[in-house]
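Coordinates in review
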Amino acid sequence: MTSRFIAFLIAARWPLLVAAIVLAALAWWPASQVRFDHSIERMFAPNDPLLPPYERLKSRFGANEVVLAVYRDPDLLNPDGSGIARLAEVSGQLKKVAGVRDVLSLAQVNDLLAKLQTGKSLFNLFGGKPKDAWTGPPILDPKSPLAERYRDLFAGYTHSADGQTAAIACLLEPMAAEPNQAKSGRDPRAATIDSLQQVMRSLPGGLSPGVLAGEPVMVAQGFELLEQDGRSLGIWSTILLGLTILICFRSLRWLLLPILVVQWSILLTRALLVVSGLQLSMVSSMLTAIITVVGVATVMHLIVRYRELRAAGVPPHAALQQAAVQLAWPIIGALATDVAGFGSLWWAQVAPVQDFGTMMVVGSIVVLPAILLFTPGISLIGMRDGDQARPGWGEQSLGRWLARLVEGIQKHSIAVAVFTTVITLLAAAGAYRLQVETDFTRNFRPGSPVVAAYEFVETRLGGAGVWDVVVPAPAVLDAEYLAKVRDLQAKLRALSIGGEKFDPPRPALTKVISLIDALDAAEADPTVAALAPSAELRAQMMAGFMPSFLATLRSTEPDEHGQGRLRIMLRAHERQPAEQKQRLIADVTRLAREAFPPSDDSAGAEVTGFFVLLTNLIESMLRDQWTTFGVATVGVFALLLVSLRSLKLSLIALVPNAAPIFVVMGLLGWLGLAINMGAAMIAAVSMGLSVDSSIHYLVAYRRERRAGKTVAAALAAVQQSVGRAMIFSTFALIVGFAVLITSQFVPTIYFGALVSLAMLGGLAGNLVVLPLLLSWVERDEPEKGSRIMGAGQ
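Residues numbered from 1 in each chain as written. Predicted model: local features only at pLDDT ≥ 70, side-chain atom pairs only at ≥ 80, totals over all residues. Heavy atoms only, no water.

In this approach a probe as big as a water molecule rolls over the atoms, and the regions it shows empty are the leftover space. A full pass over the atoms with the stated rule returns 13 cavities of 30 Å³ or more. The space that makes up the largest cavity amounts to roughly 200 Å³. Lining the largest cavity are 16 residues, with Leu-689, Ser-690, Ser-693, Thr-730 and Met-759 sitting closest to its centre. Broken down by secondary-structure element, the contributors of at least two residues to the lining of the largest cavity are helix H11 (287-311), helix H26 (682-706), helix H27 (711-737) and helix H28 (746-777). Of the residues assigned to the lining of the largest cavity, the class counts are nine nonpolar, seven polar and no charged. (1 Å grid on protein atoms, 1.4 Å probe; cavity = no way out; pocket = protein on both sides within 12 Å on 5 of 7 lines; lining within 4 Å. Points joined across faces, edges and corners; volume = space filled by probe spheres on them. Helix = DSSP H or I, 4+ residues; strand = E, 2+ residues; numbered from the N terminus. Nonpolar A, V, L, I, M, F, W, Y, C, P; charged D, E, K, R; others polar.)

See below:
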């Protein structure tokens, strides 16, 4: 059956090539429409307890995401008003940007005081200003206690304490699904960030360009870098991969075949994603890299086996027929284990991880038709019976080294076993030292614009991490409620970070501000107090002057308990250790719930915001890593049983493929490298990828044993064929992945390095551990009846 099907493919090789070209042409346009899903919420499980508070924050206050636009102006508080005038101009430009709901800066506070001043004048029935009245910006009035209190209140939020740095809080519109986003090809949030950056690059009055900071900026920049990485990987990895293959095999056909298989598979996979409605997420940006691994590793085994037969004098058509028949079921089994490895990600709770599993299942399956369509035609173009396969670069030396390696393994099996076991256990022990990276700025290279912006903001203003405490609020703000909120805010401001690094301790929160602070400051002015004697009246007065801003601080829409919501805005240092962040979030949550506990009559306080989400982002992705790894192991083992029909060999195959994963994770721990998104799914993914070579190795071994060879002779033969293919494919892929180290996005660098290490570990396991185990458990008696599915058909 297999032999007849292969013969048909060879006979129909030209129509198959035409079909491949037609399919690629049809897939071209839809493949170009693949878009990234930039929603941070989808990086969490639907039932994650962090999501409901964040969704409620969005629905009640709308502008839940804040971007800080910061620039240096030594004359910001100049009494002549020039600095405030420039600030008002910049604030106005930023407010006009599509996607910005409102802005808050010292200019808006100045406008509020100006309106209050007008109200006071009317209240006092003054038709004009006294001769000695302040004529500059009201916020700078040296004789106004209200101006002084507002300057102090907003210090560290709208301006630095020394008065030389201006900050404009841009409150962004909620992210909504844009129906035409796929057509426009532009994410609305990224477009907003770009427009804000353009404003900050051309500031008035000859000021130096400013910077943007805030979690939305980091996320948008991260996605932009991921898209750049995808393009770079597609171009440069193909070039480097091609050069490596060309050097190894000195043949254009073997350069062309793996590149065509990989690129066609990527094109068809992306087209299928568009048809199915899936979008790429921050996780699935590795699509190109993984399909490259699957495609190249699969094709390389075919190339090496075909060249071996040609070198033995077998004619081209017969050599291709024989190689394809021998490797058909191993290739199908290897792709099936890839599917099992990626399919295990469906057991994750995070939607993008599940989507990534679906994408890679589709990509692994698509590799098979790519091989069927391209291999017969490309392999036989211009081949004549008299042509012989020439040894590639270094092949003869490689063959001698592989022969000595397998001899040494059998001769010193105990020493090799002890050495590999000790090294594996020592390396894997480092996994206990693993830490999770929660500082999102560390996803960018030091010195990058994002990191420089955060360093600028955190140095000048304190913290760049923006988050919120949302507490229930009565319909009318009374004295008892105000006292309760003031007490909570006092406790929040009292939180400190101590230890060896900070002596004396520093405040854990660099800013705690709410509507209550603004109302208290306004009360200090006798005229304002007379105009609006109660807090509720002052709140309504401010809402009349600044409705959009007040709507982001207080929601009067009643919930199921008849309560509204009040928002306490927090600022914290973004660049701090994971444990410190988690402890701070826990402390704030504890204090908030002690002050406003949930009950039958109240929903209680909630702590949320981008700072909280990003701090827990990697943990949400890692939460199911070992579950998916276990599922992948079970799935791979089941497929090994089906392919090999041997419990013993299936168990043996797991060892050299699982061990490198623990070694890689352990090395991260020993090196003190925290786990980021690039390492979040490496266990399950690596299990599916590395077992491919084991299947090819064991199938070839069983074939040699059925031919009557001893264990030693069979291992020697397999090392020369399958071992050579593994080395060529691993070498080519690592060279191709070298382009990832140039990325500005650190998780991409991690992913490239970890996949390369996993492939090297799998190579070492299959060249050393697998033959070692086989030499121990196998005997030289001829095999009876046991055969691998499809082998030799």
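Read on for the rest.
This part takes up the packing of helix H12 (residues 316-343) against helix H13 (residues 351-380). Contact pair H12 / H13: the axes reach a minimum separation of 9 Å and the direction vectors enclose 175°. It follows from the interaxial angle that H12 and H13 lie roughly antiparallel. Contact with H12, carried on its side by Pro-316, His-317, Leu-320, Ile-331, Leu-335, Asp-338, Val-339, Phe-342 and Gly-343, involves Gly-357, Met-360, Val-361, Ser-364, Ile-365, Val-367, Leu-368, Ile-371, Thr-375, Pro-376, Ser-379 and Leu-380 of H13 and no other residues of that element. Looking at the contact of H12 with H13 residue by residue, the classes come out as 14 nonpolar, six polar and one charged. (Axes fitted to C-alpha atoms, helices over the stretch in contact; angles between N-to-C directions. Parallel < 35°, antiparallel > 145°, perpendicular 65-115°, else oblique. Contact = heavy atoms within 4.5 Å.)

Right, let's get into the confidence of the model for the protein chain. Within the protein chain, residue pLDDT values average 83, and 90% of them lie at 70 or more. The secondary-structure element of the protein chain with the lowest mean pLDDT is helix H7 (residues 181-184), recorded at 40, while helix H17 (residues 479-494) shows the highest, at 94. Predicted confidence is poor over residues 177-184, with pLDDT under 50, and the contacts of this stretch with residues over four places away or in other chains come to 10 contacts. Contacts from residues 785-793, a stretch scored under 50 in pLDDT, to residues over four places away or in other chains number 27 contacts. (pLDDT = per-residue confidence, 0-100.)

On to the sheet that holds strand E2 (residues 100-104), then. Strands sit in the order E2-E3-E1-E4 across an open sheet of four strands; the sheet is antiparallel. Every other strand in the sheet has two partners, leaving E2 and strand E4 (211-213) as the edge strands with one partner each. The average angle at which neighbouring strand axes cross in this sheet is 25°, direction not considered. Relative to strand E3 (residues 165-172), E2 is paired through four bridges, and the arrangement is antiparallel. Counterpart to Val-103 in the pairing with E3 is Cys-170. Across the sheet, helix H4 (residues 82-95) is in contact with strand E1 (66-72), E2 and E3; its angle to E2 comes to roughly 165°. Its contacts with the sheet place helix H16 (residues 449-460) against E1, E3 and E4, and it is angled at close to 85° to E4. (Pairing = 2+ DSSP bridges.)

So, on to the environment of Gln-744. Among the secondary structure elements, Gln-744 is positioned in the loop between H27 and H28. For the pair Gln-744 and Pro-446, spaced 298 residues apart in sequence, the C-alpha to C-alpha distance is 9.1 Å. Setting aside residues up to four positions removed in sequence, Gln-744 forms contacts with Leu-225, Asn-443, Phe-444, Arg-445 and Ser-448.

Let us look at the side chain of Ser-721. Tracing the chain through its elements places Ser-721 in helix H27. By relative accessible area, Ser-721 is classed as buried at 13%. If near-sequence neighbours (up to four positions away) are discounted, Ser-721 is found in contact with Val-304 and Glu-308. (Buried < 20%, exposed > 50% of the residue type's maximum accessible area, 1.4 Å probe, protein only.)

For H16, spanning 12 residues, the distance from its first C-alpha to its last is 16 Å, which sits close to the expected 16 Å at 1.5 Å a residue. Every buried residue of H16 is listed here: Val-450, Val-451, Ala-453, Tyr-454, Val-457 and Glu-458. The arc that holds every buried residue of H16, seen down its axis, measures 160°, which confines them to one face. Opposite the buried face of H16, at more than 90 degrees from it, the exposed residues are Pro-449 and Thr-459. Buried residues belonging to H16 abut E1, E4, helix H9 (215-249), strand E5 (465-473) and strand E10 (564-572). Just downstream of H16, Gly-462 is the residue with a positive phi angle, here 105°. (Expected span 1.5 Å × (residues − 1). Arc of directions from axis to C-beta.)

Moving on: the environment of Ala-107. By secondary structure assignment, the location of Ala-107 is in helix H5 (residues 106-123). It is 9.0 Å that separates the C-alpha atoms of Ala-107 and Thr-158, two residues lying 51 residues apart in sequence.

Along the chain, Ser-555 turns up in strand E9 (residues 554-555). Residue Ser-555 is classed as buried on the basis of its relative accessible area, which comes to 7%. A polar atom in the side chain of Ser-555 sits 3.0 Å from the side chain of Arg-60. (Polar contact = N/O pair within 3.5 Å; in protein donor to acceptor, adjacent residues only side chain to side chain.)

We now examine the pairing of E5. In terms of burial, E5 is largely enclosed, as nine of its nine residues are buried. Because side chains alternate across E5, one face comprises the buried residues Gly-465, Trp-467, Val-469, Val-471 and Ala-473, and the other comprises Val-466, Asp-468, Val-470 and Pro-472, equally buried. Summarising the sheet, E5 and E10 pair through nine bridges and their orientation is antiparallel. Within E10, the residue paired with Val-471 across the bridge is Leu-566.

What follows deals with the pattern of salt bridges. On inspection of all chains with the given rule, the structure shows 19 salt bridges. Arg-538 serves as the salt-bridge partner of Glu-523, at 3.8 Å between the closest nitrogen and oxygen. One end of the pair, Glu-523, is in helix H18 (residues 515-523); the other, Arg-538, is in helix H20 (residues 535-545), and 15 residues separate them in sequence. Of the residues examined, Glu-523 reaches a relative accessible area of 40% and is grouped as partly exposed. The class of Arg-538 is buried, set by a relative accessible area of 3%. Of the charged contacts, one joins Asp-587 and Arg-590 as a salt bridge, the two residues approaching to 3.8 Å between their closest N and O atoms. On the criterion of helical spacing, the pair formed by Asp-587 and Arg-590 is a turn pair, its members being three residues apart in helix H22 (residues 578-595). (Salt bridge = Lys/Arg side-chain N within 4 Å of Asp/Glu carboxyl O.)

Time to look at the packing of aromatic side chains. Two aromatic rings, taken as a pair, are described by how far apart their centres are and by the angle between their planes. Within the structure shown, the criterion is met by seven aromatic pairs. Measuring from ring centre to ring centre gives 6.0 Å for Tyr-54 and Phe-610, while their planes differ by 35°; the resulting arrangement is tilted. With Tyr-54 in helix H3 (residues 51-61) and Phe-610 in helix H23 (residues 610-622), the pair connects residues that are 556 residues apart, well separated along the chain. When the ring of Trp-264 is compared with that of Phe-374, the centres are 6.1 Å apart and the planes differ by 80°; the resulting orientation is edge-to-face. (Phe/Tyr/Trp six-rings, centres within 6.5 Å; stacked < 30°, edge-to-face > 60°.)

A word on the packing of helix H15 (residues 413-428) against H28. The interhelical angle for the contact between H15 and H28, taken along N-to-C directions, is 135°, at an axis separation of 11 Å. Judged by the angle between their axes, H15 and H28 are oblique. Crossing angle aside, the handedness with which H15 passes H28 is left-handed. Counting all contacts with H15, which are made through Ser-413, Ile-414, Val-416, Ala-417 and Thr-420, the residues of H28 involved are Val-768, Leu-772 and Trp-776. Of the residues contributing to the contact of H15 with H28, the split by class is six nonpolar, two polar and no charged. (Left-handed = near helix turned anticlockwise from the far one by under 90°.)

This paragraph deals with H12. Along an α-helix, residues three or four positions apart point the same way, because every turn accommodates 3.6 residues. A rise of 1.5 Å per residue sets the reference length of H12, with its 28 residues, at 40 Å; its end C-alpha atoms lie 37 Å apart and thus fit the reference within 8%. Largest kink in H12: about 45°, centred on Leu-327, with the proline Pro-330 one to four residues after it. By the criterion of burial, H12 is predominantly enclosed, with 21 of the 28 residues buried. (Bend = angle between axes of the 7 residues up to and from the residue.)

Looking at the element boundaries, Gln-321 is found in helix H12. Separated by 316 residues in the primary sequence, Gln-321 and Phe-5 have C-alpha atoms spaced 9.8 Å apart. When near neighbours in sequence (up to four residues on either side) are disregarded, Gln-321 contacts Ser-3, Ile-6, Ala-7 and Ile-10. Among the polar contacts made by the side chain of Gln-321, one reaches the main-chain carbonyl oxygen of Ser-3 at a distance of 3.0 Å.

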